Each structure stands twice: as C-alpha cells, then as structure tokens.
Amino acid sequence: MGTAAYVQVLDLACGGLLLCAVLVLWRRELAVIIRVFAAQGVILAVLVAVLAAHQHSPELAVLALGLGVLRGGVLPWLLARALTAAGPARRETRPLVNVAASLLAAAVLALLSYAVSRPLVALIPSPATEAIPVGLTVVLIGFFVLVTRRRALSQLVGFLLMDNGITTVGFLTSANAGLVVELGVSLDVLLAVLVLRILTARIQETFGDADLDELRELHD
Amino acid sequence: MSALGWAGGITQPVLIVAGSPVLVGMMRQVRARLEGRAGPGIAQPWRDLRKLFGKEAITPRGTSEVFRFAPLVQVATVGVVAVVAPFITAASALGAVADLFAVVALLALGTVALALAGLDTATAFGGMGASREMTIIALVEPTLLVAIFALSVRVGSTNLTDIVSATLRDPARMVSPVSLLAAVALVVVVVAETGRLPVDNPSTHLELTMVHEAMVLEYAGPDLALVELAAAMRLSVFLGLLANLFVPWGIATTATPLAVLVGILALAVKVGLLGAALAAGEVFLAKLRLFRVPELLAGSFLLALLAVAASFFLA
C-alpha cells in the first residue's frame, strides 16, 4: 500500500470513529446506539488492518480480525440481547445533561484532547501518532456518556466506547503491544460486558426498571 | 473579469431562476408518487407563479415598507449568490463576493428580511414564525460558516471558487475525515435552512408547527410569488453549493460553449439527484418537535467544529 493511500485510509477511519462517537451522544434510541457502536467496532478493525498492511505484520492482521469479530459482532449482539430483555423502555429519555448541551460539551472535550495530546504527537510526528487526539476524544466522549446517562445499557455503551478509544490510542502509539496482551484485554472487556449484562438483568428483575438514578436509597 | 466569469454570471442566474420552480415541482412529484398519489406534475410551481404574478398587489392594512421590500430583498440576495457562487463555471463574475463569509451573510440577510416582514404584520402567526426562524438561523449560520471553513483550511482561501478549483485539481483530497464530517454537518444544515422535514414541513399550511409558512401568511399576489420563487431559489442554491463543494466534476473550467453546456447539464443532474434524494428521504421522516431542533443543529455544529479541528491535527 502506498504511503498516500495509507495516510488517507487511516485518517478516514479516524474520522469514522469520531463520527460514531458523536452519533452515540446524539441519538436517543438504544437500538440505534447499539448499531452505531457496532459500526465503530468495524471501523476500529479497519484501522488496525490498515496499520497491519502498512507494517507488514501478520500478527496485527490477526488482531484486526479478532477485533472486528468481537467489537463489531459479539459485543453488539450481547447488547442487543440485553435490550430485548429490557422490555419496552427503548430510549434514553432523560439524560442528566440534555443532548444539546452534551454535544457542546463534546466539542470542548475534543479541543481539550487535542491540546493535551500535542506533546505526545511532538515526540514522534507520524500519520499514526497525529491521530492520537481522535482516540483521546473517543475516550473522553465515552466517559461523558458513562457519567451522564441514566439507563444501564447506555452506560454500558459508554464504557465500551471508552474502551474503543483506549484501544485506538494503544494501536496508534505502539503497534507491538503483543498478541497476548491484546487477547487478555479483549477477554477482559468481553467478561465485563457479560457480568454487567447479568447485573442489568438482575436490576431489571428486582426493580422493574434499569434507570440507575432510581437506585439511590437502601430498602429492607 | 474573465470570459469564464462572464459566462457563469449570465448563465447561472438564468438557469437557477428558470430551474428552481421545476426542482420544487420535481421534488413534490417524487413525494407524491412515493406516497401513492398521482401528483400535479413538475410544472405546477411555474403555473402557480404565473397565476400569482397576474393578480393585483395588495398588502394588509398597517404594514410598513419592511413588509413590502422583504420579498424583493430576498430575491435580490439569492440572485446575487446565484450570479457569483461557482455553480456552472469555476470562475466568478465578481471574485471578491464569492467569498464564503459574503455568500453566507447574503443568504442570512434574505432570511432576516423575511423574519422582519413576519413581525411587521403584527399577527400572532407572523411573530411566532419569525421567532422560530431566528432560533433556527442562529444555530444554522455558525454551522454553515464553520463547515465550509473546514473545507477552506487546506486550500488556504475562503473564496468558494478557489475551494472548488482546488478540489478539481486534486480529487483525492476529498476522501478525508474533514470532508466526511463537514459533509454530514452541511447536509443537516441545508435541510434545516431550506425548511424541509424534519425541521419544517414545506407542505403544511395553517398549522401550529409551521415556520416558513407562518411568516409569509399575509403575503398575496405578486409578493407571494416572489417569496415562493426566492424560497425555491434558496433550495437550489443550497443544493448546488453542497454538490459543487464535494463533487465539483462537470463544472466548466473554460469559456467554450461546449464546456458551459456540460456545466449546465452537470449542475441540473447533480441538483436533481440531491433533490430527489431529499424528497424520497422526507417520505420516511416525521417532523421533529421544535424543542428537539436545537439538538439536531447542535450536533451538526459539533461535527463542523470537529471537521475544522481535524483539518488542523490530521493533515
């Protein structure tokens, strides 16, 4: 792959990651949010595949395939199953910060991550490291979703968004984290989602709702 | 001023004035067919305009010059944009006016004139429509500026003709996150600014939810014809800008008759396709609640801002 094409596809994938993160913040229907998250997983896999093609690394290519299956297929599938189990409440109706304000907050977060990551980019300026602010923005937006949403499922998506961002930054900065490390991290995420899904189902069963804001007081 | 600029300055306004009612008719026809109706045919807006121009001019009692001049101001501002912006030729008749800030300011001026006219009638509907239109334009204008500005950063000029020519020279540049984010932002903003679904429903009349129709409720006869014509021209101008900023192919770069003819055809095809897509999309959409509109526009503003940020850090 030529350098120009490599930079272009890499940048385009980063733009796609950013767009998906914004869409998660923008839309209210949980089903749409899950589909956008799946698209982000696929784009992340494409990003890693591009890095693999550029560095001629079969190990990275295997990782890209694994990431695509896990984040584009398995995790969204688990979330979609949790959504069908959750019953009629399909929308994030009352986020703590309203959507317009949270979109503006995301703009501030994007600028913040750009300012913070400039020293990092200055260490080794390359097309891959220049995209670090994108990864960091996805992390911050994910964290924002995690703290401002009320439904357990959208908080779960926020957590996974954060993890997507961390993975992006990881691959962009050091391509050779090692297959074992990546496998470990991926299994961790899968396990966390499984545990949180069961937890959500239990909350649902006990209280009839997955609105975590209602769970403030202790009952006998 | 170059020969190419002259050619554009003459053909563009003629095509846009003649073609925009046809575009509106085509979009209504597409919608009618998709909804299972026969539709009035694509020439219906022109027939309506002819009928309205033939009537006598009357204005409501108590209205001032603001009300009478607003349709003229609106047609004039859109007309200037139709002359200068790169639609058919890649050169402008008045180079300095084809600047991004000037074009956006001209288009906003027309909206403000109409909103003032809505207030001038002192009816409940007029004031309501004007206030809603101002809410929308306050969010639309920054997004429009920032999104086109993102495209101008790598060209190094805010002149629309320079942006279009740079894209023509180096098409590979369009495949970038900047264009991706700016394109999404611009589509949302164009839909909002031209008063289409889901922001405003162009086919409603006398409903509490309407925005554009509420402002023009008191107009009749030739004034109403001008308002309708200006609204149709705005739609074609916005769709033409959207098409040429991202897909400029076919635009005339030499002043030969053949190149200009190809430019006319290319513009008609591009705007026609965009219009048909917009009309087909509207069939599947419901109007957004007015309080949700700022949400939609804040999202597109964020995307435009990210496009500008990306043009600085990914480049």
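The structure under discussion appears in the preceding block.
A few points on the structure. Worth saying up front: this structure is predicted, and the values here are computed from it rather than measured.

Procedures and definitions
Residues numbered from 1 in each chain as written. Chains lettered and ligands numbered in written order. Predicted model: local features only at pLDDT ≥ 70, side-chain atom pairs only at ≥ 80, totals over all residues. Helix = DSSP H or I, 4+ residues; strand = E, 2+ residues; numbered from the N terminus. Buried ≥ 20, exposed ≤ 12 C-beta atoms within 10 Å, placed from the backbone. Contact = placed C-beta atoms within 7 Å. Axes fitted to C-alpha atoms, helices over the stretch in contact; angles between N-to-C directions. Parallel < 35°, antiparallel > 145°, perpendicular 65-115°, else oblique. Left-handed = near helix turned anticlockwise from the far one by under 90°. Nonpolar A, V, L, I, M, F, W, Y, C, P; charged D, E, K, R; others polar. Expected span 1.5 Å × (residues − 1). Bend = angle between axes of the 7 residues up to and from the residue. Core = buried A, V, L, I, M, F, W, Y, C linked by C-beta atoms within 7 Å.

1. What to know about the overall build of chain B
Looking only at helices and strands, chain B has 11 helices and zero strands in total. Along the chain direction, N to C, the helices and strands of chain B fall in the order α-α-α-α-α-α-α-α-α-α-α. Summarising its shape, the C-alpha atoms of chain B cover approximately 55 × 45 × 45 Å along the three principal directions. For chain B, with 315 residues in total, the buried portion stands at 52%. Pairs at least 24 apart in sequence give 79% of the contacts found in chain B among residues at least 6 apart.

2. Quick look at the overall build of chain A
The secondary structure content of chain A amounts to eight helices and zero strands. Counting from the amino terminus, helix and strand elements in chain A follow one another as α-α-α-α-α-α-α-α. Across the 220 residues in chain A, those meeting the buried criterion constitute 44%. By sequence separation, contacts in chain A at least 24 residues apart represent 73% of the contacts at least 6 residues apart.

3. Structural notes on the environment of R28(B)
Residue and element names in this part refer to chain B. Within the secondary structure, R28 sits in helix 1 (residues 3-34). Here R28 falls in the buried class, since 20 other C-beta atoms lie within 10 Å of it. Between the alpha carbons of R28 and L49 there is a distance of 15 Å; along the sequence they are 21 residues apart.

4. Structural notes on the packing of helix 1 (residues 3-26) of chain A against helix 2 (residues 30-55) of chain A
All names here are of chain A. With their axes 9 Å apart at the nearest point, helix 1 and helix 2 run at an angle of 160° to one another. Classified by the angle between their axes, helix 1 and helix 2 sit roughly antiparallel to one another. Crossing handedness for the pair helix 1 and helix 2: left-handed. Where helix 1 approaches helix 2, its residues Y6, V9, L10, A13, G16, L17, C20, L23 and V24 are matched on the opposing element by I33, V36, F37, A39, Q40, I43, L44, V46, L47, V50 and H54.

5. Concerning unusual backbone geometry
Located in the positive-phi region is H56(A), a residue other than glycine, with phi close to 50°. In the Ramachandran plot, A122(B) falls in the positive-phi region, its phi being about 60° despite a non-glycine side chain. Relative to the helices and strands, A122(B) resides in the loop between helix 4 (100-120) and helix 5 (124-153).

6. Re the interface of chain B and chain A
Contacts between the two partners involve 19 residues from chain B, matched on the other side by 21 residues from chain A. Of all the elements in the fold, those that place two or more residues in the side of chain B that touches chain A are helix 7 (177-193) and helix 11 (293-313) of chain B. Here the element with the most residues in the side of chain B that touches chain A is helix 11 of chain B; it accounts for 11 residues. The residue inventory of the side of chain B that touches chain A, partitioned by class, reads 16 nonpolar, two polar and one charged.

7. A look at helix 4 (residues 99-123) of chain A
Here helix 4 of chain A spans 36 Å end to end across 25 residues, near enough to the 36 Å set by a 1.5 Å rise per residue. Along its length, helix 4 of chain A reaches its greatest deviation from straightness, about 45°, at S117(A), and the proline P119(A) lies no more than four positions downstream. Among the residues of helix 4 of chain A, V99(A), A100(A), S102(A), L103(A), A106(A), L109(A), A110(A), S113(A) and S117(A) are the ones counted as buried. The elements touched by buried residues of helix 4 of chain A are helix 1 and helix 6 (132-148) of chain A together with helix 11 of chain B.

8. Here's the deal with helix 9 (residues 221-246) of chain B
Between its first and last C-alpha atoms helix 9 of chain B spans 38 Å; for 26 residues at 1.5 Å apiece the expected length is 38 Å, and the two agree. The element helix 9 of chain B is extensively covered by neighbouring structure, given that 22 of its 26 residues are classed as buried.

9. Looking at the nonpolar core
Membership of the largest hydrophobic core comes to 167 residues, with the highest contact counts inside it found for V48(A), V157(A), A147(B), L181(B), A185(B) and A307(B). When residues of this core are assigned to their parent elements, the largest contribution, 16 residues, is made by helix 9 of chain B. When sequence neighbours within four positions are dropped, the list of residues in contact with A307(B) reads A147(B), A150(B), V178(B), L181(B), A182(B) and A185(B).

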